[in-house]
Amino acid sequence: MTNVIEVTNLRKTYGATVAVEDISLTVQKGEIFGIVGPNGAGKTTTVETIMGLRRPDSGTVRVLGLDPQTQAEELRQRLGIQLQEASLPDYLKVWEALDLFASFYHQTVPWEPLLAQWGLGDKRNTRFKNLSGGQKQRLFIALALLNDPEVVFLDELTTGLDPQARRATWEMVRAIRDQGKTVILVTHFMDEAEELADRVAIIDQGRLAALDTPQALIQGLQTGSTVRFTSVNGFDAAVLEEVAGVTAVHQKNGSLQAPQITVQGSGPLLSRVAVKLAEYNIAPLDLRVELADLEEVFLALTGHKIRA
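Residues numbered from 1 in each chain as written. Predicted model: local features only at pLDDT ≥ 70, side-chain atom pairs only at ≥ 80, totals over all residues. Heavy atoms only, no water.

A. Broad picture of the pattern of salt bridges. The full count for this structure, using the stated rule, is 18 salt bridges. Residue arginine 166 pairs with glutamate 192 through a salt bridge whose shortest N-O separation is 3.7 Å. With arginine 166 in helix H6 (residues 163-178) and glutamate 192 in helix H7 (residues 190-196), this pair connects stretches of sequence that are 26 residues apart. Considered together, arginine 166 and glutamate 192 belong to a single accessibility category, that of buried residues. Of the charged contacts, one joins glutamate 171 and arginine 174 as a salt bridge, the two residues approaching to 2.5 Å between their closest N and O atoms. With a gap of 3 residues between them, glutamate 171 and arginine 174 both fall in helix H6, about one helical turn apart. For glutamate 171, a relative accessible area of 48% corresponds to the partly exposed category. Arginine 174 sits in the buried class, given a relative accessible area of 18%. (Salt bridge = Lys/Arg side-chain N within 4 Å of Asp/Glu carboxyl O. Helix = DSSP H or I, 4+ residues; strand = E, 2+ residues; numbered from the N terminus. Buried < 20%, exposed > 50% of the residue type's maximum accessible area, 1.4 Å probe, protein only.)

If you want it as structure tokens, here you go:
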């Protein structure tokens, strides 16, 4: 596949603080490329350097074959950018924002269809301050697509959104990729990256901790099986330690004091646990195997939980 972004040995400091240290990565045409990590990890600095908003101390960056520092104006005409701290004047109307931003580019697509495409048709004359959080995000996406960009950068797109608006925004990100564009998705939400990204770069303390597909990163953990279920009061979960392959059993009270039980081990653990429970006439409706996720990958790679 064609690489649209190539970063080699990128380093960026702010005084004595090293924000990015020796990061190298490539982004392929037509993929959603996730960059994840806690706030302060260096992911936003990395992306802003790729976009040409910051000058690296050392290393090379090429985007669409162009140098973001020496060919910045040509490159910006081909990029769509939604920054983490994006905002607009309170009294600017939706259509005015689109009309204003369209004037920044040499060539644009008609912005009227963008209003309909991103569910803002009835908000044409609404002032920015009166839009909901989800509507503001849709407006920022529309603004980022005005120049029909080849690469779209979305930085912390769903921060502050409620679960419904967040899921709707995920569908918008997929829709952008389905238009043939490459998407760079910067987030500190591991579930978001796992849901959307074709490949994920995990950045922590300015360094690239891992880069692969979400599935490959998770499979590489080799954490074994985790079985969870809700039991009845009075059941002693310690009896599950007798099951072959079980390495740990954890029990805690959940809603209405119903014990929530977690069993960890290896092999076909679910069937073995089910057989043991049947000996005690227990058949929980929520007996299930839970797989590892990117949060656990991050913990295994860095030794600490992700910090929002």
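B. Seen up close, H6. Spanning 16 residues, H6 covers 23 Å between terminal C-alpha atoms, matching the ideal 22 Å at 1.5 Å per step. Here H6 has its buried residues at Ala165, Arg166, Thr169, Trp170, Met172, Val173, Arg174 and Ile176. Against strand S3 (32-36), helix H5 (133-144), strand S6 (151-155), strand S7 (182-187) and H7 lie the buried residues of H6. Looking at where H6 begins, the residue whose side-chain oxygen comes 3.0 Å from the main-chain nitrogen of glutamine 164 is aspartate 162. Positioned one or two residues after H6, glycine 180 has a phi angle of 90 degrees, which is positive. (Expected span 1.5 Å × (residues − 1). Contact = heavy atoms within 4.5 Å. Polar contact = N/O pair within 3.5 Å; in protein donor to acceptor, adjacent residues only side chain to side chain.)

C. Region of interest: the environment of threonine 226. Within the secondary structure, threonine 226 is located in strand S10 (residues 225-230). Residue threonine 226 is classed as buried on the basis of its relative accessible area of 12%. Counting along the chain gives 50 residues from threonine 226 to lysine 276, while the straight-line C-alpha distance between them is 16 Å. In contact with threonine 226, other than residues within four places in its own chain, are Thr262, Val263, Gln264, Arg288, Val289 and Glu290.

D. The environment of glycine 37, seen in detail. In this structure, glycine 37 sits in the loop between S3 and helix H1 (43-51). Judged by relative accessible area, which is 0%, glycine 37 ranks as buried. It is 9.6 Å that separates the C-alpha atoms of glycine 37 and glycine 206, two residues lying 169 residues apart in sequence.

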